[in-house]
Amino acid sequence: MDESKRQNILNRMKGLQKNVDQGRVFRTEQALSSLPRRKQPGFGDLPEYKQVVMQQRASEYLGMENPFYRAHEGASGAMAMIDGRTYDNFASYDYLGLNRHPDVLGAAERSIQQFGISASASRLVAGERTIHHELESSIAENYGAEAAICFVSGYLTNVAAISCLMGPRDLVIHDEFMHNSGLAGVKLSGATRRFFKHNDVADLERVLKSLADQYERILVIAEGVYSMDGDIADLPGLLRLKEQYGFWLMLDEAHSLGVLGDSGRGVFEHYGVDPASVDIWMGTLSKTTCSCGGYIAGSEALITLLKAQAGGFVYSVGLAPALAGAAIASLGVLRAEPQRTRDLRRNSHLFLDLARQRGLDTGLSQGYSVVPVLVADSLRAVQLSNELYQAGVNVLPIIHPAVPEGLARLRFFITSAHTEEQIGRAVDLTATILEKLKQQNFGLASVDVGQLMAKLGKG
């Protein structure tokens, strides 16, 4: 193609005028060519990378194995196979034990046979499949909503939806423990961000009183079950403020669908409130529904807007048919077998009760699927996880900077498939090993920082 023709096309695509002053552009390029050549740092030179390496070296110096990225050798739920050994597994989101349910596996296989592996394109262009409509209808039905939309990632769901709905003249107020994906969405939107103290509607009202009249749109975000602490949002309190101050309310149901309510429909069923009183229902497909992706449910207008303008939907490939089929089947099992939700609740309450009896600090947990055991010290949390792993229990630590130093913990995910024996064994081992580590004063306080820094400096 002729170069002038190519430039003309590019200028038209960019919305530029045809009569560009080529002489001015040339002189600018000529001036730039006389500047010293810029040297781009390598990734290995970045301070962020060096920090990761320092952490790895510190673990090696202290003789501590890395508890993360352990490769499972099969489907994991209440049990896991890792490195040829079977473990009691408390690191799975498979809350209702559906990951190998015959209905779920069968639906995934049939979806592949009909639609193939991939949707092959953005749904806007050519990736729309009838199975997407079926899944979105099923999700909307759960929330009594007019419509729903599915994204290929739970993280992307928050990023895309929040950045689509909010802008620089708007205000987002969120629980201080909101998931990182929500923070990313607010940052991308350019909206003003404020947080309220965790699960504290009085503090939320304080923020609203001082700021509500200064912004065009206001979005308040909370979570059904908080994934780090295992407590439940004060939905009735949030709705009272919504009625008074007139904001959009967004509830993240990632860890509460299938968990809360008599039939597992979520936090609205737990409190017995009308789901239509919440403007935006958000959730993920990777927990109870044993798939991958995320969703938004709400009004027809909300979903129409997101399908037209949410970048994470418009410019992303459609959800893989097998994932959509598995999620549809999981929702079907949730409706047909509510006993699974009751079994999960029984197991979660049992774990919480036994942990408290053994003197373990379970923080704010209310005994619904997520029960943290607060260890305080990050090094102690990692060592506790490693020694539990050696004893046949797989549970992962949450350490600084994911949580503030002093609030490090082991996070136990309970499922309906766990047995009383597994739960009792996990609690007993945790209490026994933790007490031993305390007696040994194992942790940050026992580390010779000067010696450690000298060792790392040599590395």
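Above this text you will find the structure in question.
We now turn to the structure provided with this report. (Residues numbered from 1 in each chain as written. Predicted model: local features only at pLDDT ≥ 70, side-chain atom pairs only at ≥ 80, totals over all residues. Heavy atoms only, no water.)

This brings us to the overall build of the chain. Along the chain, the regular secondary structure elements total 18 helices and 13 strands. With the C-alpha coordinates aligned to their principal axes, the bounding extent of the chain is approximately 80 × 60 × 55 Å. The buried share of the chain, reckoned over its 459 residues, is 49%. Considering only contacts in the chain between residues 6 or more positions apart, those separated by 24 or more positions represent 70%. Accessible area for the chain stands at about 22,600 Å²; split by element, carbon and sulfur atoms hold 53% of it. Averaged over its 46 positive side-chain charges, the chain has a centre that lies 8 Å from the centre of its 51 negative ones. (Helix = DSSP H or I, 4+ residues; strand = E, 2+ residues; numbered from the N terminus. Buried < 20%, exposed > 50% of the residue type's maximum accessible area, 1.4 Å probe, protein only. Contact = heavy atoms within 4.5 Å. Areas by Shrake-Rupley, 256 points an atom, 1.4 Å probe, with all protein chains shown as cover. Lys, Arg positive; Asp, Glu negative; His and termini not counted. Charge placed at Lys NZ, Arg CZ, Asp CG, Glu CD.)

Now for helix α3 (residues 47-61). For α3, spanning 15 residues, the distance from its first C-alpha to its last is 21 Å, which sits close to the expected 21 Å at 1.5 Å a residue. Where α3 ends, the next residue or the one after it, G63, has phi of about 70°, a positive value. (Expected span 1.5 Å × (residues − 1).)

Attention now moves to the packing of helix α7 (residues 154-165) against helix α8 (residues 180-189). In the contact formed by α7 and α8, the axes pass within 7 Å of each other and the chain directions differ by 30°. As the angle between them shows, α7 and α8 are arranged roughly parallel. For the crossing formed where α7 meets α8, the hand is right-handed. Taken together, the residues of α8 that come into contact with α7 (itself represented by Y155, N158, V159, I162 and S163) are N180, S181, G182, A184, G185, V186, L188 and S189. Taken together, the residues that form the contact of α7 with α8 break down as six nonpolar, seven polar and no charged. (Axes fitted to C-alpha atoms, helices over the stretch in contact; angles between N-to-C directions. Parallel < 35°, antiparallel > 145°, perpendicular 65-115°, else oblique. Left-handed = near helix turned anticlockwise from the far one by under 90°. Nonpolar A, V, L, I, M, F, W, Y, C, P; charged D, E, K, R; others polar.)

What follows covers the pattern of salt bridges. Oppositely charged side chains may form a pair once their charged atoms are brought near each other. One pass over the full model with this rule turns up 12 salt bridges. A salt bridge links K307 to E136, with the shortest nitrogen-to-oxygen separation between them at 3.2 Å. Separated by 171 residues along the polypeptide, K307 in helix α12 (residues 300-309) and E136 in helix α6 (residues 130-143) bring together distant segments of the chain. Across the salt bridge formed by D229 and R409, the nearest N and O atoms sit 3.1 Å from each other. Separated by 180 residues along the polypeptide, D229 in the loop between β6 (218-223) and α10 (235-245) and R409 in strand β13 (residues 408-413) bring together distant segments of the chain. Classification of D229 by relative accessible area gives buried; the value is 8%. (Salt bridge = Lys/Arg side-chain N within 4 Å of Asp/Glu carboxyl O.)

Next up on the list: the pairing of strand β2 (residues 85-89). With four bridges connecting them, strand β1 (residues 79-82) and β2 associate as antiparallel partners. Residue pairing across strands places M81 opposite T86, the latter belonging to β2. In sequence, β1 turns back onto β2 through a hairpin of two residues, with D83 there showing a positive phi of about 55°. Across two bridges, β2 lies against strand β11 (residues 393-394) in parallel orientation. Opposite D88, over in β11, you have V393 as the bridge partner. (Pairing = 2+ DSSP bridges.)

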